[in-house]
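As a plain string of letters, each chain reads:
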Amino acid sequence: MTPYSDPSRTEAADAPDEGLRRTLGVDRRRFLSTCTAVAAGAVAAPVFGAAPALAHDRGGDRGHGHGHGRGQVLVPPHKRGIILYTVRDATARDPLASDLPSGFREVFKQLARHGYRQVEFAGYRQHANAPGGDDLESVQGARLLRRWLDDYGLRAQGNHGFIPPSWPLTTADKDTVKKHLEIANILGMDHMGTGGDPTGSSYRADWDVAADKWNALGEIARREGVKLYTHNHDSAYGFLLDGGPLDDQGRPTRSSGIRKLEYFLKVTDPKLVWLEMDVFWAHVAQYKFHTYTAHDGSTRRNVFDPAGLVARNNKRYPLFHAKDGVVSTTNGMGYDMVPFGTGVIDYTTFFSRVGERNYHNPMVEDDNSPSATDPAQSLREAKISYDNLAALRKRRR
């Protein structure tokens, strides 16, 4: 693999143009169009990869696991997944009021037809008129879900479920965690997690508390044969406040330049706690959090490199949310979500850099797929996303 410069190093001046271009995975033509903004010393807009081709333009695999001479498949067929939050309107649909797939069983069937082989749950509720009833968050419900998964050749790979609010853990919360771990084992999950960050705080002391809690939860999960993971949003890759002058509540106001989840990686046990990178939100963090105030009061620049962080901690990231975006200069995030493969986030470079293609589990996600006016949209866009995920190939050198 071609070496990339490390944007995690702190610097007062801008990186050389070529180093920054290679770090962010931007092709030369598009990089040159952004040089003026970069040279000004501020990331005023997202730095994007080459415009993506749609699946029918890229050719190649439709589930065979090889590239027919067009380069290595970046996401093997058995690793192509989707989080069910993307099609939450379909699982919640009343089967008595629509001919479209509704409830878990019919949605599983449709996703399998699209080509998916893995799903990540976002809870276990569906419409009350679907087979099994509205709430399958039980041993009996998990057995029913597992039967349907097996019927359609799907594997459950995770769940955004219950992480207890208490710490130290109450007996009731500990019992609920154990119930979810039992459900995970019935479903055949290797991983169980959450859709939220370990803490919403920016202070190191709070992240230390979060690390203690997650290490304890991870030990409970390990005893049940399950890996516990936390999912990120953009703020978790902002800068940790860990030094400098204290505010009127005795809290630090400046940063050493380490990002919150980078610190979390350092202070949690790698045998107990794992992470799921949401690649979209990681790129939003790249857009939003590029300078910080150092302990000495100087302003430092540090461009976040999502793929670089994964590559340095590869086994800590067994899952990804594969979520795409198009440029937005008005929403404060740099991107608007779109179906996978129809945006500008350079997943060819991302997956090529992180490697370990038979270890990582990318789960397609699009928060905006359900439509109030087009009830077929989410499952239709799930097919578009699958085809684009399957079409990714490592670029030939």
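Treat the numbers as computed from the prediction; the structure is a model and nothing was measured.

### Examining the overall build of the protein chain
Helix and strand counts for the protein chain stand at 13 helices and 14 strands. Here the protein chain holds 397 residues, and 54% of them are scored as buried. Here the analysis covers contacts within the protein chain between residues at least 6 apart in sequence; of these, 72% occur between residues at least 24 apart. Summed over all atoms, the accessible surface of the protein chain reaches about 16,500 Å², with 49% contributed by carbon and sulfur.

### Concerning the packing of helix H8 (residues 204–223) against helix H9 (residues 260–267)
If you want to describe how two helices pack, look at the angle between their axes and the distance between the axes. It is at 10 Å that the axes of H8 and H9 come closest, and there the two elements cross at 45°. By the angle class used here, H8 and H9 are oblique. Helix-helix and strand crossings are classified by hand; for H8 and H9 the assignment is right-handed. Residues Arg204, Trp207, Asp208, Ala210, Ala211, Trp214 and Asn215 of H8 lie in contact with H9, whose contacting residues are Lys260, Leu261, Tyr263, Phe264 and Val267.

### Quick notes on the packing of aromatic side chains
Applying the stated criterion across every chain, the model contains 17 aromatic pairs. With a centroid separation of 6.1 Å and 90° between ring planes, the pair formed by phenylalanine 108 and phenylalanine 121 is classed as edge-to-face. In this pair, phenylalanine 108 is assigned in helix H5 (residues 103–114) and phenylalanine 121 in strand E2 (residues 118–121), connecting sequence segments 13 residues apart. Aromatic pair tyrosine 116 and tyrosine 386: ring centres 5.1 Å apart, planes at 70°, arrangement edge-to-face. Of the two residues, tyrosine 116 sits in the loop between H5 and E2 while tyrosine 386 sits in helix H13 (residues 377–390), which places them 270 residues apart along the sequence. Tyrosine 386 carries the same exposure label as tyrosine 116, and that label is buried. An aromatic cluster is present here, built from Phe320, Phe340, Tyr347, Phe350 and Phe351 joined pairwise through their rings. The residue whose ring lies beneath arginine 88 is tyrosine 85, and the NZ or CZ to ring-centre distance is 3.9 Å. Here the basic side chain of lysine 315 rests over the ring of tyrosine 359, its NZ or CZ set 4.1 Å away from the ring centre.

### Concerning the pairing of strand E4 (residues 191–194)
Side chains of E4 alternate between two faces, with His191 and Gly193 and Met192 and Thr194 buried alike. Looking at chain direction, E4 and strand E5 (residues 227–231) are connected through four bridges and run parallel. Across the sheet, glycine 193 pairs through a bridge with tyrosine 229, a residue of E5. Once you follow E4 into H8 and on to E5, the crossover reads as right-handed.

### Regarding the pattern of salt bridges
Following the criterion strictly, the structure yields 21 salt bridges and no others. For the salt bridge of glutamate 137 with lysine 179, the shortest nitrogen-to-oxygen distance reads 3.6 Å. Taken together, the residues glutamate 137 in the loop between E2 and helix H6 (139–151) and lysine 179 in helix H7 (residues 171–187) connect sequence positions 42 residues apart. Since its relative accessible area comes to 33%, lysine 179 is described here as partly exposed.

### Considering the sheet that holds E5
Pairing is parallel in the open sheet, where eight strands are placed in the order E3-E2-E1-E14-E11-E8-E5-E4. Each of the sheet's edge strands pairs with one partner strand only, and the pair in question is strand E3 (155–159) and E4. Along the sheet, successive strands turn relative to each other by an average axial angle of 30°, direction set aside. Sheet topology note: the strand E8 (residues 273–278)/strand E11 (residues 319–322) ladder contains three bridges and is parallel. Pairing of methionine 277 across the sheet is with phenylalanine 320, part of E11.

### Some points on helix H10 (residues 279–288)
The element H10 is extensively covered by neighbouring structure, given that nine of its ten residues are classed as buried. Residues of H10 that are buried include every one of Val279, Phe280, Trp281, Ala282, His283, Val284, Ala285, Gln286 and Tyr287, and no others. The N-capping residue of H10, defined by a side-chain oxygen 3.1 Å from the backbone nitrogen of phenylalanine 280, is aspartate 278.

### Considerations on the environment of phenylalanine 104
Locating phenylalanine 104 in the fold gives a position in helix H5. In the structure, phenylalanine 104 is positioned 20 residues away from leucine 84 in sequence and 9.2 Å away in space, judged by C-alpha atoms. Those residues within four positions of phenylalanine 104 in sequence are excluded, and the remaining contacts are Leu84, Thr91, Phe121, Gly123, Tyr124, Arg125, Gln126, Leu136, Leu145 and Trp148.

### Thoughts on H9
By the criterion of burial, H9 is predominantly enclosed, with six of the eight residues buried. Those residues of H9 that sit buried are Lys260, Leu261, Glu262, Tyr263, Phe264 and Leu265. If you follow the buried residues of H9, they end up packed against H8, E5, E8 and helix H11 (306–312).

### Section: the side chain of asparagine 215
In this structure, asparagine 215 sits in helix H8. Excluding residues that lie within four positions of it along the chain, asparagine 215 makes contacts with Val267, Thr268, Asp269, Leu272 and Val273.

Conventions used here
- Residues numbered from 1 in each chain as written.
- Predicted model: local features only at pLDDT ≥ 70, side-chain atom pairs only at ≥ 80, totals over all residues.
- Heavy atoms only, no water.
- Helix = DSSP H or I, 4+ residues; strand = E, 2+ residues; numbered from the N terminus.
- Buried < 20%, exposed > 50% of the residue type's maximum accessible area, 1.4 Å probe, protein only.
- Contact = heavy atoms within 4.5 Å.
- Areas by Shrake-Rupley, 256 points an atom, 1.4 Å probe, with all protein chains shown as cover.
- Axes fitted to C-alpha atoms, helices over the stretch in contact; angles between N-to-C directions.
- Parallel < 35°, antiparallel > 145°, perpendicular 65-115°, else oblique.
- Left-handed = near helix turned anticlockwise from the far one by under 90°.
- Phe/Tyr/Trp six-rings, centres within 6.5 Å; stacked < 30°, edge-to-face > 60°.
- Lys NZ or Arg CZ within 6 Å of the ring centre and 35° of its normal.
- Pairing = 2+ DSSP bridges.
- Right-handed = clockwise from strand over helix to strand, strands pointing away.
- Salt bridge = Lys/Arg side-chain N within 4 Å of Asp/Glu carboxyl O.
- Polar contact = N/O pair within 3.5 Å; in protein donor to acceptor, adjacent residues only side chain to side chain.

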